[in-house]
Number of protein chains: 2
Amino acid sequence: MKLHWSPRSPFVRKVMICAHELDLAGRIDKVRTMVRMTEPNAALLADNPLSKIPTLVLDDGTTIFDSLTICEYLDHLAGGGKLFPRDPKSRFLALTRHALANGLLDMLILWRNERDKPPGRQTQAWLDSFAIKLRATLARLEGEAALRRKAQFDIGDVATGCALAYLDFRFPDTGWREGHDELAAWHAEFAARPSARATEIVDA
Amino acid sequence: MKLHWSPRSPFVRKVMICAHELDLAGRIDKVRTMVRMTEPNAALLADNPLSKIPTLVLDDGTTIFDSLTICEYLDHLAGGGKLFPRDPKSRFLALTRHALANGLLDMLILWRNERDKPPGRQTQAWLDSFAIKLRATLARLEGEAALRRKAQFDIGDVATGCALAYLDFRFPDTGWREGHDELAAWHAEFAARPSARATEIVDA
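Residues numbered from 1 in each chain as written. Chains lettered and ligands numbered in written order. Predicted model: local features only at pLDDT ≥ 70, side-chain atom pairs only at ≥ 80, totals over all residues.

*Asks:* Sorry if this is basic, but what is going on with the domain arrangement of chain A here?
*Replies:* Residue and element names in this part refer to chain A. Here the domain parsing of chain A yields domain 1 (2-77) and domain 2 (88-193). A separation of 22 Å is found between the C-alpha centroids of domain 1 and domain 2. Residue-level contacts link nine residues of domain 1 with nine residues of domain 2. Going through the elements one at a time, helix H1 (10-21) and helix H3 (67-77) are the ones with two or more residues in the side of domain 1 that touches domain 2. Of the residues in the side of domain 1 that touches domain 2, the class split is seven nonpolar, no polar and two charged. (Domains from an automatic or database assignment. Contact = placed C-beta atoms within 7 Å. Helix = DSSP H or I, 4+ residues; strand = E, 2+ residues; numbered from the N terminus. Nonpolar A, V, L, I, M, F, W, Y, C, P; charged D, E, K, R; others polar.)

Written as structure tokens, this is what we have:
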């Protein structure tokens, strides 16, 4: 199977962390695919009309996206119930924690787009709003972090780790660890996993 | 259970269509919750740190989001396998079709935000890129529409219907039906379903 891939996308990283956790990375043929918000990628458009990565293409040509769908597909290939709990209560908690971290990533990307515009074209109310939501999200994650350190690693943790690492990568000045000791400790454990180390996002 | 709800959100509509299809609408206590990109809602932040709707709050205080997670939770309450196929092949196709329609909605909302800025603050390359992706998405949907008219209604159809209806509501001048006869016919059937009629988005 072929994966439209980039070394910098936190959404691609989610998929590759799942692949490593599930021992499937060797079956994925990574194709480097550049995407920019200002410029759809013609080759990618044929597989995914929204020109978004990650997009998975199976050997029979079937396309699977977005990142969450690909992650669940990989979990299914590995037998199911590994990173996507089968028990409903655990499953919906994991999916909600995934949605929180993934929504944080969506927001960080909008924030970066807005922040990098010329000052006269920025919308200050958006920037303020992003900061409020980031604080609220970090508070929620801090409250759950001690429990998560003892829990089975799941898709919610994959997304949370990727979102915090992206925050370090693109917003290095936020100092998010301050006042969030449990979350910082959780993230250090995440970052030490072989799947996280194998997929780390670094400046080229 | 309580749902942070608004009559205009296409993501809330997805949830309410599922609730009607699954005969669960009577169990949902809708709480009107205003959200703006420029102004997080304080009451909502406590349940969802990203201040996004829909957010579901169970009677024991557990919160469930985003819209896809809530839709799957409702399907689970109704016994499972109704709008989320159990067969893996059908399931991943449905989830990918959901991701396409939901990604289209995400894009239309960004497009509207950008379009409604003062002309000097718009980024033309974004507007052009949105138009290319919309064309590619409509072409893909047109190709699948004849098959979908004969298939079991699922979460991919719910999202597709909501996205096309949102296009009609917020982008009435696109004329998307032109050149997309099968899709227009599919959408007319969608719009006639009791669940779609009960949740139609109209100007107040």
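*Asks:* Would you take a moment to explain the environment of Ala-184 of chain B for this structure?
*Replies:* Looking at the element boundaries, Ala-184 of chain B is found in helix H7 (residues 181-192). Distance from Ala-184 of chain B to Ser-51 of chain B, taken between C-alpha atoms, is 34 Å for residues 133 residues apart in sequence.

*Asks:* It is not clear to me how the sheet that holds strand E1 (residues 2-5) of chain A should be interpreted in this structure. Could you clarify?
*Replies:* Sheet strands associate in pairs through backbone hydrogen bonding, adopting either a parallel or an antiparallel arrangement. All names here are of chain A. An order of E2-E1-E3-E4 is seen for the four strands of this open sheet, with the pairing classed as mixed. Of all the strands in the sheet, the pair left with one neighbour each is strand E2 (29-32) and strand E4 (63-64). Inspection of the sheet shows E1 paired to strand E3 (residues 55-57) by three bridges, in the antiparallel sense. Within E3, the position partnered with Leu-3 by the bridge is Leu-56. (Pairing = 2+ DSSP bridges.)

*Asks:* Explain the pairing of strand E1 (residues 2-5) of chain B here, please?
*Replies:* Every regular strand shows the same layout, with side chains that alternate between the two sheet faces. Residue and element names in this part refer to chain B. Here E1 runs beside strand E2 (residues 29-32); their pairing, made up of four bridges, is parallel. The residue bridging Trp-5 from the neighbouring strand is Arg-32, located in E2. Regarding the hand of the β-α-β motif, the stretch spanning E1, helix H1 (residues 10-21) and E2 is right-handed. (Right-handed = clockwise from strand over helix to strand, strands pointing away.)

*Asks:* Honestly, the sheet that holds strand E4 (residues 63-64) of chain B in this entry has me stumped. Any pointers?
*Replies:* Strands sit in the order E2-E1-E3-E4 (chain B) across an open sheet of four strands; the sheet is mixed. A strand with exactly one partner marks an edge of an open sheet, and here the two such strands are E2 and E4 of chain B.

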